[in-house]
Amino acid sequence: RGSVQQDVLRLGENFTHKQSQPEVSVDLRAPGTATTVTPGVRKYIFTEGKGRKTPPADSKCFVHWTLRLVDDASGKVIDTTLGEEGEKAPIEVTQPERSDGGPMTRGLIDGIYSMTKWERCAFYVTPEQGYGEDGHLSFPSVPPNASLVYSVMLYGWIANPKEKRRTEMMYEERLEAANRRREWGKDELEQERYWQAWVYFNMGLSYLDDEFMFQLEEKERKQANKIRHPMLLYGSSCLSRLKVHNRALKLAKQVTFEDPDNGKAWYRLAKGYRLKGETDLALKAIEKAMRREPNSQALKDELAKIKDLKAKNLFAGTPARLFTRNTPFLLPSVSNSLRIKLLVQEQLERRSEVIGNSERQRALTAFVVVRFLLCCRESPLPGRLGEG
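Residues numbered from 1 in each chain as written. Predicted model: local features only at pLDDT ≥ 70, side-chain atom pairs only at ≥ 80, totals over all residues. Heavy atoms only, no water.

## Notes on the overall build of the protein chain
On a plain count of helices and strands, the protein chain comes out with eleven helices and seven strands. When burial is assessed residue by residue, the protein chain has 49% of its 388 residues classed as buried. Partitioning the intrachain contacts of the protein chain with sequence separation of at least 6 by distance along the chain shows that 71% fall at a separation of at least 24. Of the accessible surface of the protein chain, which amounts to about 21100 Å², a share of 50% is contributed by carbon and sulfur atoms. (Helix = DSSP H or I, 4+ residues; strand = E, 2+ residues; numbered from the N terminus. Buried < 20%, exposed > 50% of the residue type's maximum accessible area, 1.4 Å probe, protein only. Contact = heavy atoms within 4.5 Å. Areas by Shrake-Rupley, 256 points an atom, 1.4 Å probe, with all protein chains shown as cover.)

Printed below as a string of structure tokens:
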């Protein structure tokens, strides 16, 4: 690989969601700049991590990885923890146990425990540190004596963990683990590190997944949702800021479906639609939010933003040549005056509903109507108002 990627912790607004996941375009042959972790395991760093600390031997690590075969020229991924659309939360790895994601090789374990927080890298593993002479028959399917390349991202770890493995936790323990990750996510969100916050919220949600929630009694489900619903909305907020709009809307919709009286969920849905540019759906959502929390200033501010955006989009496609300094303002002929009067009245009423009645907004309404009149010079008037 020709160059090391920019540190994801410094990307700011230029960050892309894919950079919160393991690197996908890894050279199948280990580059010369790779360093040795242990005999049979070489490492190439794509993104430097935070600090120099690496996980202690007894810690629980949170990671994602993809696996490919060095000798497969197609570069096909034969194992991944990300899910089909990269939606899964990081899995938990302990040493020397197996992870929640299935069997792990010694080379991958050694590699993970050599990483720093938020580091993205590739590990090139020899057969001796991989699946050996026998390979692996079940998923992942690995032939005998295969050299492996893992693409890995380490999101963090818990040193000396008191937590059990997720599959061994009881109800109260799952809630505690989920809430702990929610607090980690809130800390990152306060620092405006949105993708790091989303990673933690997603990890927390993995403890309260649909399968787990389905097994609960009504009282237990309500208690779990006191943690789960805020995480869904926090996660929606993070993803909206990362411009992963469809996923952000999906999380907010889930809360409105499960708790229709949740004003914050409708607010989050409205804001998500606005950021995506869907102002009609945003207006419907914010109206539902305001019916539930009529005195909220945040909702009033969001409504104003939605209306401003809708007003700006009314004539977004008007040709620029109609608004040059030298463009004469010529009204259509007097014979069309009745039709013009009716059309202007119709447009004024429509846009006043959208824009509002403040002094500034009335001025904007007048400007919109003037632009409409200019458009009449270039386009035929609607036939439903007659000919002439």
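The structure having been displayed, the exposition proceeds.
## Some thoughts on a positive patch on the surface
On the surface, K284, K288, R291 and R292 cluster together into a positively charged patch. With respect to the helices and strands, the residue K288 is situated in helix 8 (residues 279-292). Judged by its relative accessible area of 31%, K288 is partly exposed. (Patch = residues over 30% accessible without salt bridge, like charges linked within 9 Å, V, L, I, M, F, W, Y side chains within 5 Å. Salt bridge = Lys/Arg side-chain N within 4 Å of Asp/Glu carboxyl O. Lys, Arg positive; Asp, Glu negative; His and termini not counted. Charge placed at Lys NZ, Arg CZ, Asp CG, Glu CD.)

## Some words on the pattern of salt bridges
Going through the model one piece at a time under the given rule, you end up with 18 salt bridges. Of the charged contacts in the structure, one is a salt bridge between K276 and E278, with a shortest N-O distance of 3.5 Å. Given a relative accessible area of 27%, E278 falls into the partly exposed group. With a closest N to O distance of 2.3 Å, K310 and D280 form a salt bridge. Residue K310 is located in helix 9 (residues 297-312), and its partner D280 is located in helix 8; the two are separated by 30 residues in the primary sequence. The exposure class assigned to K310 is buried, which follows from its relative accessible area of 16%. Members of the salt-bridge network, linked through shared partners, are K60, E92, E163, R166, R180 and R181.

## Some thoughts on the side chain of R120
Inspection of the secondary structure puts R120 in strand 6 (residues 120-125). Looking at R120, its side chain comes within polar contact range of the side chain of T47, at 3.0 Å. (Polar contact = N/O pair within 3.5 Å; in protein donor to acceptor, adjacent residues only side chain to side chain.)

## A word on the confidence of the model for the protein chain
Averaged over every residue, the pLDDT of the protein chain is 77; residues scoring 70 or more account for 69%. Counted against residues more than four places away or in other chains, residues 1-19, with its pLDDT under 50, gives 39 contacts. The model gives residues 318-336 a pLDDT under 50, and that stretch makes 21 contacts with residues more than four places away or in other chains. (pLDDT = per-residue confidence, 0-100.)

## What to know about a negative patch on the surface
Residues E172, E176, E217 and E220 make up a contiguous surface patch of negative charge. With respect to the helices, strands and loops of the structure, E172 is situated in helix 2 (residues 171-190).

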